[in-house]
Amino acid sequence: MSATPLNVLLVSSSLFGEKGNSRELASAFVDALQASGHEHQLTHHDLVERDLPHLGAAEMQAWMTPADERSAEQRKLAELSDGFLAELRAADLLVIAAPLYNLGLPTQMKSWFDRVLRAGETFRYTEKGPVGLLEGKQALVLAARGGMYAGSDLDSQTPHLTSMLGLMGITDQHFVYAEGLNMGDEPKVGALSEARTGIANYVDAL
Ligand SMILES: Cc1cc2nc3c(=O)[nH]c(=O)nc-3n(C[C@H](O)[C@H](O)[C@H](O)COP(=O)(O)O)c2cc1C
């Protein structure tokens, strides 16, 4: 990746706010990036703090209405997704601080994906299947988990993220896991330390 300054979009979604383990990983990433001297711009959305609502019918219908035919209310409703899309298009690197909740993503994070996975905007349907429209981006997923799942059939979160990112054309994906965080103090300290090393290695390679 050679773009300078690096445009980084960070989305986090821990119910524990700044105390969340995924937020700790995100902070480790930001610290490592700052220490690297890599020129960058960072946009961060904490989707829980923002209380991002579920995608509803009226909002989706607003997008599906051609821009010049939208009512004032529909123009307002479309702003949220359009804003997220503009940020994502401008980003070189998407960093997802991903807690594992009930074997999946936090609902607020799914709501963010619901607003950027838009046919005709970030992917399009063809006779051969969907084609991603975002090119040249990387994604870094910082996954925080109470138990151990990575590399096993029980890890339903990784393939979900891989597919959603891939649908938009973001196929250059990197995953750093901190697992076993609810399995005792010692495993937790070890897992966070290993994840920090993974993050540092990732930043070194940027
Ligand atoms: C609502 C909720 C659901 C959870 N579900 C799971 C789960 O299905 N599997 C698991 O291993 N850990 C689960 N955990 C533990 C979290 O993965 C762990 O607390 C992790 O640190 C979450 O990231 P965070 O600290 O950034 O929020 C859950 C925690 C919460 C609060």
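Residues numbered from 1 in each chain as written. Predicted model: local features only at pLDDT ≥ 70, side-chain atom pairs only at ≥ 80, totals over all residues. Heavy atoms only, no water.

## Comments concerning the UniProt feature "domain: Flavodoxin-like fold" (unreviewed entry) in the protein chain
Heads up, the rule is: UniProt positions are given in the numbering used here, feature names are shortened, and annotations may be inferred rather than shown by experiment. Per the convention used, a helix needs a DSSP run of H or I reaching at least four residues, while a strand needs a run of E reaching at least two, with both numbered from the N terminus.
Under the UniProt annotation, "domain: Flavodoxin-like fold" (unreviewed entry) lies at residues 7-200. The annotated region residues 7-200 carries 41% helix and 22% strand content, and the separation between its end C-alpha atoms amounts to 18 Å.

## Some details on the UniProt feature "binding site: FMN" (unreviewed entry) in the protein chain
This is how it is decided: Relative accessibility thresholds used throughout: buried, under 20% of the residue-type maximum; exposed, over 50%; partly exposed, between the two (1.4 Å probe, protein chains only). Side-chain atoms alone can form a polar contact between residues adjacent in sequence; in general such a contact is a pair of N or O atoms within 3.5 Å, and within protein one must be able to donate a hydrogen while the other accepts it.
Using the residue numbers shown here, the UniProt feature "binding site: FMN" (unreviewed entry) corresponds to Ser14. Looking at the element boundaries, serine 14 is found in the loop between β1 (6-12) and α1 (21-36). For serine 14, a relative accessible area of 4% gives the class buried. Here phenylalanine 16 takes part through its backbone nitrogen, which lies 3.0 Å from a polar atom of the side chain of serine 14.

## Description of the pattern of salt bridges
For clarity, the cut-off: Definition used for salt bridges: Asp or Glu carboxyl oxygen within 4 Å of a side-chain nitrogen of Lys or Arg.
Going through the model one piece at a time under the given rule, you end up with twelve salt bridges. One salt bridge connects aspartate 82 with arginine 70, and the closest N-O pair in it is separated by 3.9 Å. One end of the pair, aspartate 82, is in helix α3 (residues 72-90); the other, arginine 70, is in the loop between α2 (57-64) and α3, with twelve residues separating them in the sequence. By relative accessible area, which is 31% here, aspartate 82 ends up partly exposed. Since its relative accessible area comes to 14%, arginine 70 is described here as buried. Here aspartate 114 and lysine 110 are joined by a salt bridge, their closest N and O atoms 2.7 Å apart. Within this pair, aspartate 114 and its partner lysine 110 are both found in helix α4 (residues 107-116), separated by four residues, close to a single helical turn. Each of Arg70, Asp82, Arg89, Arg118 and Glu121 takes part in salt bridges that share partners, so that together they form one network.

## Focus: the site of the ligand
So the rule is basically this: The near set for a molecule or strand comprises every residue that places at least one heavy atom within 4 Å of it. Accessible surface area values rest on a Shrake-Rupley calculation with a 1.4 Å probe, where residue burial reflects the displayed protein chains alone. Grid points spaced at 1 Å over the protein atoms alone were grouped into cavities, where a 1.4 Å probe fits but cannot get out, and pockets, open sets with protein on both sides within 12 Å along at least five of seven lines, with lining residues defined by an atom within 4 Å of a point. If over half the atoms of a molecule are within 2 Å of the grid points of a cavity or pocket, the molecule is regarded as sitting in it. Three classes are used: nonpolar for Ala, Val, Leu, Ile, Met, Phe, Trp, Tyr, Cys and Pro, charged for Asp, Glu, Lys and Arg, and polar for all others, with Gly counted as polar.
Around the ligand there are 17 residues in total, and Ser14, Ser22, Leu100, Tyr101 and Gly147 lie nearest to it. The backbone of glycine 146 places a nitrogen or oxygen atom 3.0 Å from an oxygen atom of the ligand. Coverage of the ligand by the protein amounts to 80% of the 620 Å² it exposes when considered alone. The cavity where the ligand resides is the largest pocket. Looking at the shell around the ligand residue by residue, the class counts come to eight nonpolar, eight polar and one charged.

## Quick notes on the layout of surface pockets
One way to see where empty space is left: roll a probe the size of a water molecule over the atoms. Put simply, the rule reads: Grid points are joined across faces, edges and corners, and a volume is the space filled by probe spheres set on the points.
Computed from the structure, the largest pocket encloses a volume of approximately 190 Å³. Lining the largest pocket are 15 residues, with Asn21, Leu100, Tyr101, Ala144 and Gly146 positioned closest to its centre. A per-class count over the lining of the largest pocket returns seven nonpolar, seven polar and one charged. Put simply, the second largest pocket is a space of about 160 Å³. Lining of the second largest pocket is provided by Leu55, Met60, Trp63, Met64, Arg70, Leu117, Arg118, Ala119, Glu121 and Phe123. Of the residues forming the lining of the second largest pocket, the biggest block, three residues, is contributed by α2. Across the lining of the second largest pocket, the residue classes tally to seven nonpolar, no polar and three charged.

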